[in-house]
Amino acid sequence: MTGNLQAIGFLLTWVLGWGIGGSLIDAGLIQAGVYSLETGQLGTLSTFVVWTGVWGGFGFWLFRRFTDDSKR
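What counts and what doesn't
- Residues numbered from 1 in each chain as written.
- Predicted model: local features only at pLDDT ≥ 70, side-chain atom pairs only at ≥ 80, totals over all residues.
- Heavy atoms only, no water.
- Helix = DSSP H or I, 4+ residues; strand = E, 2+ residues; numbered from the N terminus.
- Buried < 20%, exposed > 50% of the residue type's maximum accessible area, 1.4 Å probe, protein only.
- Contact = heavy atoms within 4.5 Å.
- Phe/Tyr/Trp six-rings, centres within 6.5 Å; stacked < 30°, edge-to-face > 60°.
- Axes fitted to C-alpha atoms, helices over the stretch in contact; angles between N-to-C directions.
- Parallel < 35°, antiparallel > 145°, perpendicular 65-115°, else oblique.
- Left-handed = near helix turned anticlockwise from the far one by under 90°.
- Nonpolar A, V, L, I, M, F, W, Y, C, P; charged D, E, K, R; others polar.
- Patch = residues over 30% accessible without salt bridge, like charges linked within 9 Å, V, L, I, M, F, W, Y side chains within 5 Å.
- Areas by Shrake-Rupley, 256 points an atom, 1.4 Å probe, with all protein chains shown as cover.
- Salt bridge = Lys/Arg side-chain N within 4 Å of Asp/Glu carboxyl O.
- Expected span 1.5 Å × (residues − 1).

A. Structural view of the environment of D26. Turning to its location among the elements, D26 is positioned in helix α1 (residues 2-31). Residue D26 is classed as buried on the basis of its relative accessible area of 13%. Residues contacting D26, with those up to four places away along its chain left out, are Y35, T44 and T47.

B. Quick look at the packing of aromatic side chains. Scanning the model with the defined rule gives four aromatic pairs in all. Ring geometry for W51 and W55: centres 5.3 Å apart, planes at 25°, overall stacked. Highlighted residues: W51 and W55, both in helix α2 (residues 42-67), separated by four residues, approximately one helical turn. Comparing W51 with W55, the two get one shared label, buried. Aromatic side chains W55 and F58 sit 5.5 Å apart centroid to centroid with 45° between the ring planes, which places their arrangement in the tilted category. With a gap of three residues between them, W55 and F58 both fall in helix α2, about one helical turn apart. Classification of W55 by relative accessible area gives buried; the value is 18%.

C. Main features of the packing of α1 against α2. It is the contact of α1 with α2, at a shortest axis distance of 10 Å, that shows an interaxial angle of 150°. When the interaxial angle is binned, α1 and α2 end up roughly antiparallel. Like other packed secondary-structure pairs, α1 and α2 cross with a definite hand, here right-handed. Touching F10, W14, G17, W18, G21, G22, I25, D26 and L29 of α1 are T44, T47, F48, W51, T52, W55, G56, G59, L62 and F63, all from α2. Here the contact of α1 with α2 is composed, by residue class, of ten nonpolar, eight polar and one charged.

D. The arrangement of a nonpolar patch on the surface in detail. On the surface, F10, F60, F63 and F66 cluster together to form a nonpolar patch covering roughly 420 Å² of accessible area. It is α2 that provides the largest number of residues to the nonpolar patch, a total of three residues. Mapped onto the elements of the fold, F60 is located in helix α2.

E. α1, seen in detail. Its 30 residues give α1 an end-to-end C-alpha distance of 43 Å, which sits within 8% of 44 Å, the value for a rise of 1.5 Å per residue. Listed in full, the buried residues belonging to α1 are G21, G22 and D26. As for α1, its buried residues are in contact with α2. With its phi angle positive at about 85°, G33 sits one or two positions after the end of α1.

Now the structure itself:
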């Protein structure tokens, strides 16, 4: 059961990090005037796609690192 709780905790932490990180990046770009919410959603979409790729890659790297049997 401990392994399942660790996996659930990891997943919840990863999802929260993805959501909070993406929102902070998006808010910073809007505040800096890189794009505006009134002129369309292309900037927000770009932030979403790039951040999802970066955060997903990081999550996959962590998953492989923690589940690598050769290091045990």
